[in-house]
Amino acid sequence: MQHHLLRERFYRRERQSVPAAREFVRAAAEEWGLGARLDDVLLCVSELTTNALVHGVPPGRGFLLRLWWCADGPLRIEVHDSGGGQPRVSAPGGAVAGEEAAEAAESGRGLLLVEALADIWGVGERDPGKIVWCEFDVRADGQVCRARGVVRQA
């Protein structure tokens, strides 16, 4: 028998939402006994929620963070926003000049980190907006399974 666990929380468009989302995921993962790769999971939560706030949440709106896990299956993190645009991985060290170079030096690497740390990630449709998600293959017994891949859904 498979045991499914689901948690979700809505966050407003404010800076405090990122650490609150990390703490929400930490508490759920610890309750579920998913200590393996917790640092990687929390870093990806930070990146996905920050991206939602900066690029995907129009003023006056917020985002939904959904976390679900099926025993002996992947831990899935979803960030639902109502903004337009398509997330993309920025190439590290791209050739940019002037103000853009300064901005690129300080930002633009969030999905690069998610791609490096998560086993799989992608983007799904939502009306309005999108769902950016990633998965980590972890088990409650502390064992880790890694099957790397990137899936992008249009």
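This one's a predicted model, so the numbers in the text were calculated from it and none came from an experiment. (Residues numbered from 1 in each chain as written. Predicted model: local features only at pLDDT ≥ 70, side-chain atom pairs only at ≥ 80, totals over all residues. Heavy atoms only, no water.)

Visitor: Teacher, can you tell me more about the pattern of salt bridges here?
Guide: Side chains that differ in sign of charge can pair as their charged atoms come close. Using the criterion set out here, one finds ten salt bridges in the structure. One salt bridge in this structure joins Asp 119 and Arg 37, with 2.8 Å as the shortest N-O distance. Of this pair, Asp 119 sits in the loop between helix H4 (110-117) and strand S4 (120-125) while Arg 37 sits in the loop between helix H1 (17-31) and helix H2 (38-56); the two residues are 82 residues apart in sequence, bridging distant segments of the chain. Where Lys 130 meets Asp 81, a salt bridge forms, and the shortest distance between an N and an O atom there is 2.9 Å. Highlighted residues: Lys 130 in strand S5 (residues 130-137) and Asp 81 in strand S3 (residues 74-81), separated in sequence by 49 residues. Asp 81 sits in the buried class, given a relative accessible area of 3%. A single salt-bridge network, built from bridges that share partners, covers Glu 8, Arg 66, Arg 76, Glu 78 and Glu 135. (Salt bridge = Lys/Arg side-chain N within 4 Å of Asp/Glu carboxyl O. Helix = DSSP H or I, 4+ residues; strand = E, 2+ residues; numbered from the N terminus. Buried < 20%, exposed > 50% of the residue type's maximum accessible area, 1.4 Å probe, protein only.)

Visitor: I'm lost on the environment of Leu 38 in this one. Help?
Guide: With respect to the element layout, Leu 38 can be found in helix H2. Each C-alpha atom, one on Leu 38 and one on Arg 26, is 7.5 Å from the other, the two residues being twelve residues apart in sequence. In contact with Leu 38, other than residues within four places in its own chain, are Arg 26, Ala 29 and Glu 30. (Contact = heavy atoms within 4.5 Å.)

Visitor: Help me out: how do you make sense of the packing of aromatic side chains in this one?
Guide: Between two aromatic rings, the relevant description is the distance of the centres plus the angle of the planes. This structure, assessed with the given rule, holds two aromatic pairs. Ring geometry for Tyr 11 and Phe 63: centres 5.4 Å apart, planes at 25°, overall stacked. Of this pair, Tyr 11 sits in strand S1 (residues 4-12) while Phe 63 sits in strand S2 (residues 62-70), and the two are 52 residues apart along the sequence. Note on Phe 63: relative accessible area 0%, which makes it buried. Centroid distance Trp 32 to Trp 69: 6.4 Å. Interplanar angle 20°. Geometry classified as stacked. Note that Trp 32 is positioned in the loop between H1 and H2 and Trp 69 in strand S2, a separation of 37 residues in sequence. Summarising the burial analysis for this pair, Trp 32 and Trp 69 share the class buried. Stacked on the ring of Trp 133, the Lys or Arg Arg 76 has its end atom at 4.1 Å from the ring centre. (Phe/Tyr/Trp six-rings, centres within 6.5 Å; stacked < 30°, edge-to-face > 60°. Lys NZ or Arg CZ within 6 Å of the ring centre and 35° of its normal.)

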